[in-house]
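Each chain is listed here by its residues.
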Amino acid sequence: MKNIKIMSVFGTRPEAIKMAPLVKELARWEDITSICCLTGQHREMLDSVMEIFSLQADFDLNIMEKRQTLSTITTKTLLGMEQVMEQCKPDMILVHGDTSTTFAGALAAFYHQVPVGHVEAGLRTYDKYSPFPEEMNRTLVGDIADLHFSPTVANAENLRKEGIRGEIFITGNTAIDAMAYTVKGDRPFETALLNQLDFAHRRVIALTCHRRENYGKPMEDILTAVAKLVETHEDVEVVYPVHLSPVVRECAQRCLGNRPRIHLIDPVDVEEMHNLLARCYFVMTDSGGLQEEAPALGKPVLVLRRETERPEAIAAGTAKLAGVEYDAVLAAGNRLLDDPAAYQAMAKAVNPYGDGQASARIAQAIRWHFGLTAERPADFCPR
Ligand code: UD1
Ligand code: UDP
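Okay, so let's go over this structure. These figures come from a predicted structure and were not determined experimentally. (Residues numbered from 1 in each chain as written. Chains lettered and ligands numbered in written order. Predicted model: local features only at pLDDT ≥ 70, side-chain atom pairs only at ≥ 80, totals over all residues. Heavy atoms only, no water.)

**Topic: the nonpolar core**
Formally: Nonpolar cores are built from buried Ala, Val, Leu, Ile, Met, Phe, Trp, Tyr and Cys residues. Side-chain atoms within 4.5 Å join them into one set. Only protein chains enter the accessibility calculation, which uses a 1.4 Å probe; a residue whose area is less than 20% of its type maximum is buried, one above 50% is exposed, and one in between is partly exposed. Runs of E in the DSSP output that reach at least two residues are strands. Runs of H or I that reach at least four are helices, and both are numbered from the N terminus. In this analysis, two residues are considered to be in contact whenever any of their non-hydrogen atoms come within 4.5 Å of each other.
Membership of the largest hydrophobic core comes to 34 residues, with the highest contact counts inside it found for Leu-207, Leu-223, Val-238, Tyr-240, Leu-256, Phe-282 and Met-284. For this core, the secondary-structure elements that each account for two or more residues are β8 (203-208), α9 (217-232), β9 (236-241), α10 (246-256), β11 (282-285), α14 (326-338) and α15 (340-346). Sorting elements by how many residues they give to this core places α9 first, with eight residues. Those residues in contact with Phe-282 that lie beyond four places of it in its chain are Val-204, Ile-205, Ala-206, Pro-300, Leu-302, Gly-333, Leu-336, Leu-337 and Tyr-343. By size, the runner-up hydrophobic cluster in this structure holds 32 residues, among which are Ala-16, Met-19, Leu-46 and Phe-169.

This is how it looks when you write it as structure tokens:
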């Protein structure tokens, strides 16, 4: 029987969370040899995901440095991939999303003339510097890729308008597949602080903020607005699992440190995070992944960015673009806390991003591409 070697390359927390269900799905097929290559762009935050999903790396470039630059991530990945490609000779490389690992992984595949499948393809803001460097990473990977796995119709439309080469599949987002592994209604938390929180009587805001384009004034404005929200609402508590980036940690400590109802904690594992999302009152975030996960759990999201490449939840009414300025973030938070009708209008479970079958569609698309099945997967349509 024909057997294909598919190598998934990833390196950061969100890529790992969204690739994990796909790596597991690929491993189910007898005609696929699934290989997992980590760049190690993240270390602790990546290892935690590998452990939760019981995944093992076949290769690990281990590139992370403290305060690494975009250039070091890209060059170390490109050089590291040389040997891996020589040794492994994959039939296709899969990359995910828009990080520097994604870009360098796709470029390494191109240099070795190996076809590329792009998972989470076609998200765009059409603003070159926002999000930075992600918008350009995903655009460049779009040009390199042969198979494009777009989560939504709108993502696929972006690629069609751009006249992209290759096959486009509408698959849903594998983030929703991942939640099937992690969300467990009555699971106790492992993090002591989360177990001590009184979710029944306190309104708990889950906060994350880490994006490079928010470094400096925007992040200070956002976090100062959060401090004001807590100061003016006695029943509100904030849980902020702070990203391990030293830039983010310094800003979080300076703007939000030593306040009794603001809990700055280390990053939590993805099971903890998804269950925190399921139990919180609402979410404030500049994260991409959280914009997809929170709506699925019926939690309103205030998006702490100037724009978003994920307009679907905004159209569905569960997410709002709060911006990055102090007054705007404060006003959006006050509205959700003080206007029950506004809160109720946003607190509805919608799932424009997936039905939990994205990995199955992607595996089928790959098998179809290599002639292992005659059936092209049907497109994902949100209900
Ligand atoms: C990266 C991605 C971003 C993604 C984010 C998810 C790029 C350019 N950016 O940004 O798209 O949204 O990951 O979190 O690819 N660190 C640790 N341990 C870890 C992880 C990070 O110590 O496990 C620290 C290191 O000092 C590292 C710094 O965080 O240098 C920044 O990591 P980096 O991957 O460069 O940028 P992120 O902001 O995480
Ligand atoms: N997440 C996590 N622990 C945390 C914070 C986030 O597991 O402490 C998860 C979150 O649920 C989502 C993913 O990490 O699945 C998002 O990653 P991140 O915000 O780092 O990156 P982005 O999605 O913005 O690229």
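**Description of the site of ligand 1**
Filter applied, for reference: To be near a molecule or strand, a residue needs just one of its heavy atoms within 4 Å of it. For this analysis, a polar contact is any N or O atom pair within 3.5 Å, provided that within protein one partner can donate a hydrogen and the other can accept it, and provided that sequence-adjacent residues contribute only side-chain to side-chain pairs. For the accessible areas, the method is Shrake-Rupley and the probe is 1.4 Å, while residue cover comes only from the protein chains on display.
Among the 26 residues in the neighbourhood of ligand 1, the closest are listed as His-42, Glu-65, Lys-66, Glu-134 and Arg-212. In the model, an oxygen atom of ligand 1 is placed 2.7 Å from a nitrogen or oxygen of the His-42 side chain. Contacts to ligand 1 include Gln-68, whose side-chain N or O atom sits 2.9 Å from an oxygen atom. Notes on ligand 1: free accessible area 740 Å², of which the protein chains cover 97%. Among the secondary structure elements, those contributing two or more residues to the shell around ligand 1 are α2 (44-52) and α3 (70-88).

**Let's talk about the sheet that holds strand β10 (residues 262-265)**
Condition: Strands are labelled as partners when DSSP assigns at least two bridges between them. Angular values range over 0 to 180 degrees, each being the angle between N-to-C directions of two axes fitted as lines to C-alpha atoms, with helices fitted over their stretch in contact.
Taking strand neighbours across the sheet as the criterion, the six strands line up as β10-β9-β8-β11-β12-β13 in an open arrangement whose pairing is parallel. Two strands close off the open sheet at either side, each with one partner strand: β10 and β13 (319-321). Within the sheet, the average angular offset between the axes of one strand and its neighbour, ignoring direction, is 20 degrees. Lying on the sheet, α9 is in contact with β8, β9, β10 and β11; it crosses β9 at an angle near 150 degrees.

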